[in-house]
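A closer look at the structure
So the chains spell out like this:
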Amino acid sequence: MLGGEEVEYQDFLSLHKVQLEHAGVPKHYYRRLYEKLCHDIYDSGSYFILLTDGESWEVQSTRTVDGSDANTIFLIDHCWTFHAEHLKKALREIPGLAPRIANIIGVGYPDFDDDDSIDSVTMDAMEGLINNISEKV
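In short, a report on the structure. (Residues numbered from 1 in each chain as written. Predicted model: local features only at pLDDT ≥ 70, side-chain atom pairs only at ≥ 80, totals over all residues. Heavy atoms only, no water.)

**A few points about the nonpolar core**
Listed in full, the 11 residues of the largest apolar core are Tyr9, Phe12, Leu13, Leu20, Val25, Tyr29, Tyr30, Leu33, Tyr34, Ile73 and Leu75. Elements with a minimum of two residues in this core: helix H1 (4–22) and helix H2 (30–38). Look past the residues within four positions of tyrosine 34 in its chain and what remains in contact with it is Glu5, Glu8, Tyr9 and Phe12. By size, the runner-up hydrophobic cluster in this structure holds 7 residues, among which are Trp80, Leu87, Leu91 and Ala98. (Core = buried A, V, L, I, M, F, W, Y, C linked by side-chain atoms within 4.5 Å. Buried < 20%, exposed > 50% of the residue type's maximum accessible area, 1.4 Å probe, protein only. Helix = DSSP H or I, 4+ residues; strand = E, 2+ residues; numbered from the N terminus. Contact = heavy atoms within 4.5 Å.)

**As for the pattern of salt bridges**
In the structure shown here, the tally under the stated rule is 4 salt bridges. For glutamate 35, the salt bridge goes to arginine 32, with nearest N and O atoms at 3.1 Å. Residue glutamate 35 and its partner arginine 32 are both found in helix H2; the two are separated by 3 residues, about one turn of the helix. Judged by its relative accessible area of 22%, arginine 32 falls in the partly exposed class. (Salt bridge = Lys/Arg side-chain N within 4 Å of Asp/Glu carboxyl O.)

**Digging into the environment of tryptophan 57**
Mapped onto the fold, tryptophan 57 is located in strand E2 (residues 57–61). Aside from chain neighbours lying at most four places away, what touches tryptophan 57 is Leu50, Leu51, Thr52, Thr81 and Phe82.

Put into structure tokens, the structure is as follows:
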């Protein structure tokens, strides 16, 4: 008899196997993809960094990615792409963005009623992002 998690995995496959096949996802990734989706595992930052020169973007590997390792399938949480000169405007105008970014980088979330608060979080955000990237390289 199949256990609960195995039944859920089989349900996942019955719903998504055709999509995975058409996307060319190798079968040895299916179970790990299911696990990462179920447990919200976003670990691409342990393998890659995103670089920009201001005009184009590049993904750079920070460690060896072995395609035979089932763990090397990644979920990407694309919450925000920005240029530095638009950072404050985006934090102020995109609903829910400021608290989400504050939570991601581990800084407090002030009221954002004034430019001093925005400046504070902007600096904390930039410092947090730079430190996060530096630790991975």
